[in-house]
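One-letter residues, chain by chain:
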Amino acid sequence: MQFNYKFNGDTKVTNSGSSTEMSFSPDVMRDPTFFNGILNKHLPFREAISALHDIVVSDFRFKPKDKSDYKAWAAEQESIWLAEFMKTSEELTQKAGLLRKELSDIYDQKNKILGPFNTAKSKYFNYIYTSDRDMWIVLDPVITVHPDELFFECFSKDESSYGRLSCSYEVFTKINDFKCGTTNIDYSSALYDEFQKIRDYKETKFVIDPSGFEVTTGEQESFKETKIDVPDSWVRGFLQVNSAMTLGGAEIELHPMDVYNICFHLKRKKEKEGPRSLRFILKPGEPVKILFEPWGFVLDCPRSLYKGSAETEIRIWGRRRLLLLERLIPVTKKFNVVLMGTGLPSFFIADMGDMSFTLGLSGWTANDWSGQGNFDLLAPRRETDVMAMQKIYTALRETWFSKTDALASKVQLDKTTVMSSLLAFAQSGRAIYDINKRVYRIRELSRDPIDGKKLRFANAREEAARIFSDTDAVKLNAITEADKGGLRVAGSVTDKGKTYKPEIVLSRDETVVSARCECNYYMQNKLFKGPCEHIVALNITYREKQTIKKGILDLII
């Protein structure tokens, strides 16, 4: 997808000995949205907005070690080693010396020729990092002004972490003017450094500049236009994590010291093998316990009692993303945690009084095919009449935020219809569920509507797999133990009258480590182009069966 912006200049920061003014330039191609206020909660805001920046630039995907320098050195030494190995006489030794000198001259000449190029390349990458962030970061934060609060949203570079900073108007001592709406702001990399300069003794003025909407057409040359090609996977991930907020889950309250201990233990050790998960052991009325795998260390949280009604265990992966919360610990009163289930998204909400910070995590850090079928958040809900949906959206826009019951009463429609419409708005980026205050809010992710149906699946095979699973075309035949404590799941999928027998192997982290099938797609491509629809369908069915089984056991307990 392509996002088009037009800014009336750049974001400006003006500093003096006693005050700081931050003037953000909004996207003038969207509905006028502006805000003008003086910051009151200086240090909590500084830490929270900095944590939001950490999410934007974060990339926790596995990165193999760069061995290019070693390989280059080894290639240069290969001829020397060979000469030394083969020397058997004084004559060969003399020849080896001459060759070694000749090679040294050649390498010196090579470095002399390529030196300016390597230096220029290094300067270029340093330049675009500081001057052209669009080449490094996918999308700037989105800012929304509502009657009761101002909030920022962002999504990480690795497409696995969502951040939302909500600031009530108590965060500001004086609000001169504002207009509700959503806009993108020109967010330069240098702005992060300016945020670090916020101090209690300095007055900080926060402005989303409205002047850009008042410029006449004769001054178009003053505008700065930006076009960013955003991967569909990025938008899909953003919408999935947003939609996940509506699904609920097990709720716990963690003391800031418990979150500190989680970060402390993650930084002390580095896992060398799986499973790499946090296992939340929840028993009603008892302190929360967290098991760190694979070390078997159990963290007791005596300040954090589980208030749920059923005993359960929930595992989450991609746990090192929790380090993004580290700088919020000193300014947070408590952390409210929502765990949707094993391998499903989770949300950590830092309660800072007049501010709240939400960190949403997808099931795994890596958005690869091994996690497909883990959750399908963009599945279509009940079909709703277009006129009814428009009526609901118009009513919601009048107040900008509302609870489902209040909105249903206002539009005189049943709650199911209203809920279905609100979920559709969340899936298309037109609204967001505020998991902290339990209300739906208007928030247009982009100026143009986003087609959620097109973004629901990554490819046609994934769509076909969902159809197989929904139509009971998939059967689980056997679940047996595999190597290293994993599981081997075998099944059958009926496709156009023919039955295929796919098989997947799950690691102790419950990710797919290998798979096979009998279909033509698998025979031609193996797994190099991703799994076939039959493998994905088997994975979906197995995970959904496990979720249902676990739910029944929880009810029995």
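Undergrad: Explanation requested: the overall build of the chain in the structure shown.
TA: When helices and strands are tallied, the chain shows 13 helices and 27 strands. For the chain, with 557 residues in total, the buried portion stands at 49%. For the chain, the accessible area works out to roughly 28,000 Å², and carbon and sulfur atoms hold 53% of it.

Undergrad: I keep staring at the nonpolar core and nothing clicks. Help me out?
TA: In globular proteins that are soluble, nonpolar side chains generally tend to be buried together. In this structure, F45, L150, L165, F206, F280 and F357 are the most contacted members of the largest nonpolar core, which totals 59 residues. The biggest single contributor to this core is helix α1 (residues 42-57), with seven residues. For F45, the contacting residues outside a window of four places in its chain are L39, F152, L165, C167, F195, I198, F206 and M355. In terms of nonpolar packing, the next biggest core, distinct from the first, is built from 37 residues, M245, L396, V418 and L445 among them.

Undergrad: It is not clear to me how the sheet that holds strand β17 (residues 334-339) should be interpreted in this structure. Could you clarify?
TA: Note on sheets: strands pair through backbone hydrogen bonds, and any given pair is parallel or antiparallel. One open sheet accounts for eight strands, arranged β9-β5-β6-β7-β19-β18-β17-β12; its pairing is antiparallel. In the strand order of this sheet, the two ends are held by β9 (181-184) and β12 (250-254), each with one partner. Strand-to-strand twist across the sheet, computed as the mean angle between neighbouring axes with direction ignored, equals 15 degrees. Pairing of strand β7 (residues 161-168) with strand β19 (residues 355-361) involves seven bridges; the strand directions are antiparallel. The residue of β19 that forms the bridge with L165 is F357.

Undergrad: What's the story with the packing of aromatic side chains in this structure? I'm lost.
TA: Where two aromatic rings form a pair, the distance of their centres and the angle of their planes describe that pair. Summed over all chains, the structure comprises 13 aromatic pairs. Pairwise contacts between aromatic rings join F35, F45, F152, Y169, F172, F178, F195 and F206 into one cluster. Here the basic side chain of R164 rests over the ring of F151, its NZ or CZ set 4.2 Å away from the ring centre.

Undergrad: Looking at this model, I keep getting lost on the pattern of salt bridges. Mind explaining?
TA: It is possible for side chains of opposite charge to pair when their charged atoms get near one another. Taken as a whole and assessed by the stated rule, the structure comprises 27 salt bridges. R164 is the partner of E149 in a salt bridge, and the nearest nitrogen-oxygen pair spans 3.1 Å. Highlighted residues: E149 in strand β6 (residues 149-155) and R164 in strand β7, separated in sequence by 15 residues. For the pair E149 and R164, a shared accessibility class is recorded, and that class is buried. Put simply, E271 and R320 hold a salt bridge, and the shortest N to O gap is 3.0 Å. Taken together, the residues E271 in the loop between α6 (256-268) and β13 (277-282) and R320 in the loop between β16 (312-317) and β17 connect sequence positions 49 residues apart. Taking relative accessible area as the criterion, E271 reaches 11% and is therefore assigned buried. Using a relative accessible area of 17% as the deciding quantity, one classes R320 as buried. A network of salt bridges, in which partner residues are shared, links D148, E149, R164, D434, K437 and R441.

Undergrad: Explanation requested: the environment of H42 in the structure shown.
TA: Examined against the element boundaries, H42 turns out to sit in helix α1. With a relative accessible area of 8%, H42 lands in the buried category. The spatial distance from the C-alpha of H42 to the C-alpha of F195 is 10.0 Å, given a sequence separation of 153 residues. If we ignore the near neighbours within four places in the chain, the residues touching H42 are I198, R199, D200, K202, E203 and T204. Among the polar contacts made by the side chain of H42, one reaches the main-chain carbonyl oxygen of K202 at a distance of 3.0 Å.

Undergrad: Looking at this model, I keep getting lost on the pairing of strand β18 (residues 346-351). Mind explaining?
TA: Every other side chain in a regular strand lies on the same face of the sheet, so the side chains alternate between the two faces. With respect to burial, β18 is a largely interior element, six of its six residues being buried. Here β18 shows no split at all, with S346, F348 and A350 on one side and F347, I349 and D351 on the other all buried. Relative to β18, β17 runs antiparallel, the two sharing six bridges. By the bridge assignment for β18, V337 is matched with F348. Adjacent in sequence and paired antiparallel, β17 and β18 are bridged by six residues, among which G341 carries a positive phi angle near 155 degrees. Bridging between β18 and β19 involves six bridges; their strand directions are antiparallel. Opposite F347, over in β19, you have G360 as the bridge partner. Where β18 folds back onto β19 in an antiparallel hairpin, the turn is made up of three residues, including G353, whose phi is positive at roughly 85 degrees.

Undergrad: Quick question: what am I supposed to make of the confidence of the model for the chain here?
TA: Regions with low pLDDT should not have their predicted coordinates read in detail. Per-chain confidence: the chain averages 80 in pLDDT, with 79% of residues scoring 70 or above. Of all secondary-structure elements in the chain, the lowest mean pLDDT belongs to strand β11 (residues 224-229), at 51, while strand β14 (residues 287-292) reaches the highest, 95. For residues 212-221, every residue scores under 50 in pLDDT, and the model assigns this stretch 14 contacts once sequence neighbours within four places are set aside. Counted against residues more than four places away or in other chains, residues 368-380, with its pLDDT under 50, gives 44 contacts.

Undergrad: Would you explain helix α9 (residues 415-427) in this entry?
TA: For an α-helix, the turn length of 3.6 residues means that residues three or four places apart are oriented alike. For α9, which comprises 13 residues, the first-to-last C-alpha distance of 18 Å matches the rise-based estimate of 18 Å (1.5 Å per residue) to within 8%. Listed as buried for α9 are T417, V418, S420, S421, L422, L423, F425, A426 and Q427. Of the residues flanking the start of α9, the one acting as N-cap is D414, its side-chain oxygen 3.2 Å from the backbone nitrogen of T416. G429 sits one or two positions beyond α9 and adopts a positive phi of about 80 degrees.

Undergrad: For this particular structure, what's the right way to read the packing of helix α7 (residues 386-399) against α9?
TA: When two helices pack together, their arrangement is given by the angle between the helix axes and the distance between those axes. It is the contact of α7 with α9, at a shortest axis distance of 10 Å, that shows an interaxial angle of 75 degrees. Overall, the two elements α7 and α9 adopt an arrangement that is roughly perpendicular. Each of M389, I392, Y393 and L396 in α7 lies in contact with α9, whose residues at this interface are T417, V418, S421, L422, A424 and F425. A class-by-class count of the residues in the contact of α7 with α9 yields eight nonpolar, two polar and no charged.

Undergrad: Quick question: what am I supposed to make of the packing of α7 against helix α8 (residues 404-411) here?
TA: Contact geometry for α7 and α8: axes closest at 10 Å, N-to-C directions at 115 degrees. Note on packing geometry: the crossing formed by α7 with α8 is right-handed. Every residue of α8 that contacts α7 at K391, I392, A395, L396, E398 and T399 is listed here: L407, K410 and V411. Split by residue class, the contact of α7 with α8 holds five nonpolar, one polar and three charged.

Undergrad: Even after reading the chapter, I still don't get the sheet that holds strand β20 (residues 401-402), so can you show me in this structure?
TA: Here we have three strands laid out as an open sheet, ordered β20-β22-β21, and antiparallel in their pairing. Each edge of the open sheet carries a strand with a single partner, namely β20 and β21 (431-434). Bridging between β20 and strand β22 (residues 439-442) involves two bridges; their strand directions are antiparallel. The residue of β22 that forms the bridge with S402 is Y440.

Cut-offs and rules
- Residues numbered from 1 in each chain as written.
- Predicted model: local features only at pLDDT ≥ 70, side-chain atom pairs only at ≥ 80, totals over all residues.
- Heavy atoms only, no water.
- Helix = DSSP H or I, 4+ residues; strand = E, 2+ residues; numbered from the N terminus.
- Buried < 20%, exposed > 50% of the residue type's maximum accessible area, 1.4 Å probe, protein only.
- Areas by Shrake-Rupley, 256 points an atom, 1.4 Å probe, with all protein chains shown as cover.
- Core = buried A, V, L, I, M, F, W, Y, C linked by side-chain atoms within 4.5 Å.
- Contact = heavy atoms within 4.5 Å.
- Pairing = 2+ DSSP bridges.
- Axes fitted to C-alpha atoms, helices over the stretch in contact; angles between N-to-C directions.
- Phe/Tyr/Trp six-rings, centres within 6.5 Å; stacked < 30°, edge-to-face > 60°.
- Lys NZ or Arg CZ within 6 Å of the ring centre and 35° of its normal.
- Salt bridge = Lys/Arg side-chain N within 4 Å of Asp/Glu carboxyl O.
- Polar contact = N/O pair within 3.5 Å; in protein donor to acceptor, adjacent residues only side chain to side chain.
- pLDDT = per-residue confidence, 0-100.
- Expected span 1.5 Å × (residues − 1).
- Parallel < 35°, antiparallel > 145°, perpendicular 65-115°, else oblique.
- Nonpolar A, V, L, I, M, F, W, Y, C, P; charged D, E, K, R; others polar.
- Left-handed = near helix turned anticlockwise from the far one by under 90°.

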